[in-house]
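As a plain string of letters, each chain reads:
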Amino acid sequence: MSKDRQMKKIAVVGFGFMGLTHTINIINHRDLELVAIVNRDPGLIEKKLSSNAGNIQTGDLDSDSIRNIKKFSDLDECIKSTEPDALVICVPTFLHYEMAKQAMLHDRHVFLEKPMCLDISQGNELIDLALKKNKIFMTGHVVRFMPPYRQLKKFVDTRELGDLKFLSLYRFSGRPDWGQWNEKSVMDSSGGALFDLVIHDIDLANYLLGLPDIIDCTYLPGKLSKHDYVNAMWKYGQKNVHVSIEGGNIFHSNLPFH
């Protein structure tokens, strides 16, 4: 590492499937230093290494990699003790607003797993707070950074293949039954497939084309919410573009992610 490059100190808040995923990426990044992990029960952190499973494989982590990392149950204590530059927050959705606000009030940058919030007023408050504090605040809409989607964005912007006329996006997964998904408080407050799964394609369509003029939508209830299956058609009048967005997790938990 060059002398003018300083490693950024990162704390991970929440050590479920996504917390583990971000921990692996932080440890493997040459410019980042993992200084702490915050979890409801710190004693369970190392045990979770062998029990976390999501809808995709994101890598493995052995206990030796985090054995000497400081572990906390309280976010305030973590921030005061380790003074991280940024926090990666991967807690259940109903805790997003509280945790992100707490971090920014401590003048920390925040990466917050999606969805940002289920209450739009809380989301706007977090955005305003980040602007006021001059802090980086990002929600984990990561699809737009993946190579195939970046290539799609390039094709749309440069029009090298002509004007985009129709785009079909779909995302399906079995009903989540790993980690904390079996806890009623998590299931009832996740926002269901609309906010936890299909939101990736909603974000991508908005990133590519902006807000549509018309949305025609059909949805069906599932175990997590009243909209665990979504079938929507976004219509852009002036651009003469239609976007089909379909997805959900109303199927059995063994259905592979696709």
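The rules behind each value
Residues numbered from 1 in each chain as written. Predicted model: local features only at pLDDT ≥ 70, side-chain atom pairs only at ≥ 80, totals over all residues. Heavy atoms only, no water. Helix = DSSP H or I, 4+ residues; strand = E, 2+ residues; numbered from the N terminus. Buried < 20%, exposed > 50% of the residue type's maximum accessible area, 1.4 Å probe, protein only. Contact = heavy atoms within 4.5 Å. Areas by Shrake-Rupley, 256 points an atom, 1.4 Å probe, with all protein chains shown as cover. Salt bridge = Lys/Arg side-chain N within 4 Å of Asp/Glu carboxyl O. Axes fitted to C-alpha atoms, helices over the stretch in contact; angles between N-to-C directions. Parallel < 35°, antiparallel > 145°, perpendicular 65-115°, else oblique. Left-handed = near helix turned anticlockwise from the far one by under 90°. Nonpolar A, V, L, I, M, F, W, Y, C, P; charged D, E, K, R; others polar. Expected span 1.5 Å × (residues − 1). Arc of directions from axis to C-beta. Pairing = 2+ DSSP bridges. Core = buried A, V, L, I, M, F, W, Y, C linked by side-chain atoms within 4.5 Å.

## Describing the overall build of the protein
Then comes step 1: Looking only at helices and strands, the protein features eight helices and 10 strands.
Then comes step 2: In the protein, buried positions account for 43% of the 258 residues.
Then comes step 3: A sequence separation of at least 24 residues applies to 68% of the contacts in the protein between residues at least 6 apart.
Then comes step 4: When the accessible surface of the protein is split by element, carbon and sulfur atoms take 52% of a total near 14100 Å².

## Observations regarding the pattern of salt bridges
Then comes step 1: Under the defined criterion, the tally for this structure stands at nine salt bridges.
Then comes step 2: For the salt bridge of aspartate 203 with arginine 144, the shortest nitrogen-to-oxygen distance reads 2.7 Å. With aspartate 203 in helix 8 (residues 199-209) and arginine 144 in the loop between strand 6 (137-139) and helix 5 (147-158), the pair connects residues that are 59 residues apart, well separated along the chain.
Then comes step 3: Between aspartate 163 and arginine 159 there is a salt bridge, and its shortest N-O distance comes to 2.6 Å.
Then comes step 4: Judged by relative accessible area, arginine 159 falls into the exposed class, the value being 52%.

## Some words on the packing of helix 5 against helix 8
Then comes step 1: Put simply, helix 5 and helix 8 touch, their axes get as near as 10 Å, and they point 30 degrees apart. Taken together, the axes of helix 5 and helix 8 lie roughly parallel to each other. Crossing of helix 5 over helix 8 shows right-handed handedness. In this structure, helix 5 contributes Tyr149, Leu152, Lys153 and Val156 to the contact, and helix 8 contributes Leu204, Tyr207 and Leu208.
Then comes step 2: Classifying every residue of the contact of helix 5 with helix 8 by side-chain character gives six nonpolar, no polar and one charged.

## Considering helix 4 (residues 120-133)
One turn of the α-helix equals 3.6 residues, which is why residues spaced by three or four share an orientation.
Then comes step 1: With 14 residues, helix 4 extends 20 Å from end C-alpha to end C-alpha; this agrees with the ideal 20 Å at 1.5 Å per step.
Then comes step 2: Within helix 4, the full set of buried residues consists of Gly123, Leu126, Leu129 and Ala130. Taken around the axis of helix 4, the buried residues stretch over an arc of 125 degrees, which confines them to a single face. Exposed side chains of helix 4 directed beyond 90 degrees from the buried face belong to Ile120, Leu131 and Lys132.

## Description of unusual backbone geometry
Then comes step 1: Cis peptide bonds are those with omega within 30 degrees of zero, and the linkage from lysine 114 to proline 115 qualifies with -10 degrees.
Then comes step 2: Structurally, proline 115 is set in the loop between strand 5 (109-112) and helix 4.
Then comes step 3: At glutamate 83, a position not held by glycine, the phi torsion is positive, near 50 degrees.
Then comes step 4: Topologically, glutamate 83 is positioned in the loop between helix 2 (75-82) and strand 4 (86-89).
Then comes step 5: Phi angles above zero are rare outside glycine, and aspartate 107 is one such case at about 65 degrees.
Then comes step 6: Mapped onto the fold, aspartate 107 is located in the loop between helix 3 (96-105) and strand 5.
Then comes step 7: Note on aspartate 107: relative accessible area 38%, which makes it partly exposed.

## Concerning the sheet that holds strand 8 (residues 214-220)
Then comes step 1: With mixed pairing, four strands are arranged side by side in an open sheet as 7-10-9-8. The open sheet has two edge strands, strand 7 (166-174) and strand 8, and neither has a second partner. Each neighbouring strand pair of the sheet contributes to a mean axis angle of 5 degrees, computed without reference to strand direction.
Then comes step 2: Where strand 7 lies against strand 10 (residues 241-251), eight bridges are found, and the strand directions are parallel. If you follow arginine 171 over to strand 10, its bridge partner there is glycine 247.
Then comes step 3: Sitting on the sheet, helix 8 touches strand 7, strand 9 (229-236) and strand 10, and the angle it makes with strand 7 is about 160 degrees.

## Examining the nonpolar core
Then comes step 1: Membership of the largest hydrophobic core comes to 24 residues, with the highest contact counts inside it found for Val13, Leu87, Ile89, Val110, Leu126 and Phe137.
Then comes step 2: Among the secondary structure elements, those contributing two or more residues to this core are strand 1 (8-13), strand 2 (32-38), helix 2, strand 4, helix 3, strand 5 and helix 4.
Then comes step 3: Element by element, the count of residues in this core is highest for helix 3, at five residues.
Then comes step 4: Ignoring sequence-local partners within four residues, the contact set of phenylalanine 137 consists of Ala100, Met104, Val110, Leu112, Met116, Leu126, Ile127 and Ala130.

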